[in-house]
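Observations on chain architecture
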Number of protein chains: 2
Amino acid sequence: MTRPTLDFFFEFASTYSYPAAMRIGALAGAAGVAVRWRPFLLGPIFKAQGLDTSPFNIFPAKGRYMWRDVERVCGRLDLPFHRPDPFPQPSLLAARIAHVGLDEGWSEEFSRAVYTAEFGDRRAIGDEQVLADLLYDIGVSASSALARARSDEIKARLRAATAEAQARGVFGAPTFICADGELFWGHDRMAEALAWAVRR
Amino acid sequence: MTRPTLDFFFEFASTYSYPAAMRIGALAGAAGVAVRWRPFLLGPIFKAQGLDTSPFNIFPAKGRYMWRDVERVCGRLDLPFHRPDPFPQPSLLAARIAHVGLDEGWSEEFSRAVYTAEFGDRRAIGDEQVLADLLYDIGVSASSALARARSDEIKARLRAATAEAQARGVFGAPTFICADGELFWGHDRMAEALAWAVRR
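Just so it is clear, the model here is predicted, and its values are computed rather than measured.

Digging into the environment of B:W196
Mapped onto the fold, B:W196 is located in helix 10 (residues 190–198). According to the relative accessible area criterion, B:W196 is buried, its value standing at 14%. Between the C-alpha atoms of B:W196 and B:C178, which are 18 residues apart in sequence, the distance is 7.3 Å. If we ignore the near neighbours within four places in the chain, the residues touching B:W196 are A:R68, A:R72, B:C178, B:D180, B:E182 and B:F184.

Considerations on the side chain of A:R38
Residue and element names in this part refer to chain A. Along the polypeptide, R38 turns up in strand 2 (residues 34–39). A polar contact is formed between the side chain of R38 and the side chain of E164, at a distance of 2.8 Å. Excluding residues within four positions of it along the chain, R38 makes contact with D7, F8, F9, F10, E164 and R168.

A closer look at the pattern of salt bridges
Residues and elements named next belong to chain A. All told, the structure shown has 46 salt bridges over all chains when counted by the stated rule. A salt bridge links R150 to E128; its shortest N-O distance comes to 2.7 Å. Here the residue R150 occupies a position in the loop between helix 8 (142–149) and helix 9 (152–167), and E128 occupies one in helix 7 (residues 128–137), the gap between them amounting to 22 residues. Looking at R150, the relative accessible area reads 42%, which means it is partly exposed.

Structural notes on the relation of the copies chain B and chain A
Turning chain B through 180° and shifting it by 0.0 Å along the axis lays it on chain A, with an RMSD of 0.0 Å. Within this description, the copies of the chain are treated as partners about a two-fold rotation axis. Identified as the residue of chain B closest to the rotation axis by C-alpha distance is B:D188, at 4.1 Å. Interface overlap between copies: 100% of the residues of chain B at the interface are likewise at the interface in chain A, consistent with a symmetric, same-surface contact.

Reading the values: the criteria
Residues numbered from 1 in each chain as written. Chains lettered and ligands numbered in written order. Predicted model: local features only at pLDDT ≥ 70, side-chain atom pairs only at ≥ 80, totals over all residues. Heavy atoms only, no water. Helix = DSSP H or I, 4+ residues; strand = E, 2+ residues; numbered from the N terminus. Buried < 20%, exposed > 50% of the residue type's maximum accessible area, 1.4 Å probe, protein only. Contact = heavy atoms within 4.5 Å. Polar contact = N/O pair within 3.5 Å; in protein donor to acceptor, adjacent residues only side chain to side chain. Salt bridge = Lys/Arg side-chain N within 4 Å of Asp/Glu carboxyl O. Least-squares fit on C-alpha atoms with pLDDT ≥ 70 in both.

Right, here's the structure in full:
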């Protein structure tokens with residue numbers, strides 16, 4: 001019997017994507033769900049909504065709350081959390097590299113390393129050298145991964161993932177979509193999404 | 001020993017305030033928390049953020065998701081749920097009446113009746129006759145409650161509650177604020193807010 005699948009749409013700049021990315025592997029394994037990691041960009045989706053940056057920057061009271069809430073969420077999960085500066089971090093290159101990794105089998109490990117660097121270690125994930133170091137740390141050749149990340153093929157794949165997310169109703173991150181199209185938004189809906197994926 | 005208190009800011013037009021209002025009494029009772037029911041209006045707070053209606057109307061993908069998510073939430077809780085038309089429902093008069101009830105001891109019961117009428121029975125909660133019927137059903141004189149609801153005193157109290165909510169960082173509903181100022185937003189943070197309120 002094949003395991004049910006769950007599409008996990010995540011954005012490297014997104015705060016709530018961080019605990020989701022760190023936890024989904026273990027939770028999905030326990031639930032018997034195969035996760036498809038889907039790195040995408042929120043920027044174009046926000047732009048289509050008329051927003052030129054994160055809603056957390058546009059609506060200050062909501063932003064203040066989000067920083068406190070993410071701190072509480074990560075505290076409960078024993079995940080280190082520091083507020084990145086600037087926020088949001090530039091995530092384009094990391095997202096392209098993650099698409100290279102999808103082909104080569106190291107995307108999940110790389111993605112978790114990016115989140116840990118960004119929110120745990122306060123590193124600048126828009127910096128090519130930082131990303132090269134993360135690739136080196138997981139045993140991937142940075143020069144070849146970075147070269148592929150800049151190829152037209154990979155750029156097109158990231159654009160396609162973002163367009164697909166938007167077409168399927170994604171408006172924020174993380175978002176989980178079950179095989180039947182049922183959509184769950186937010187780290188706090190992850191367990192519910194996994195339960196939906198396995199229901200008969 | 002006095003019980004810890006929790007401020008429960010709710011708006012009658014707010015979808016996620018509905019399950020919160022229906023459940024908070026039982027959950028707070030079990031947790032040993034005294035709830036202060038705080039009816040307020042989101043409209044002026046949205047307006048201060050540059051929004052002229054609910055964000056769920058302004059951002060259609062988010063709105064579509066919200067309707068499905070609230071349906072799932074209410075389904076799990078065995079609460080009937082129908083989408084009000086129009087959305088948001090005009091909530092000004094109901095909120096003023098709820099402030100009258102705060103003085104007279106029937107605000108919680110009235111508030112639950114308004115939510116059930118709006119989301120369970122698809123009734124128009126902006127309609128004075130509907131509100132009069134709800135008051136009658138809970139044994140309150142509609143004519144005197146409605147007269148007081150239109151007094152300058154009650155209007156000022158609702159404005160003050162809204163201004164206080166905004167000053168304390170409220171940007172959506174439901175919002176729970178503990179005595180130490182810790183703020184929790186959303187029906188899905190209600191249990192966490194109650195746990196925070198009783199922690200030592």
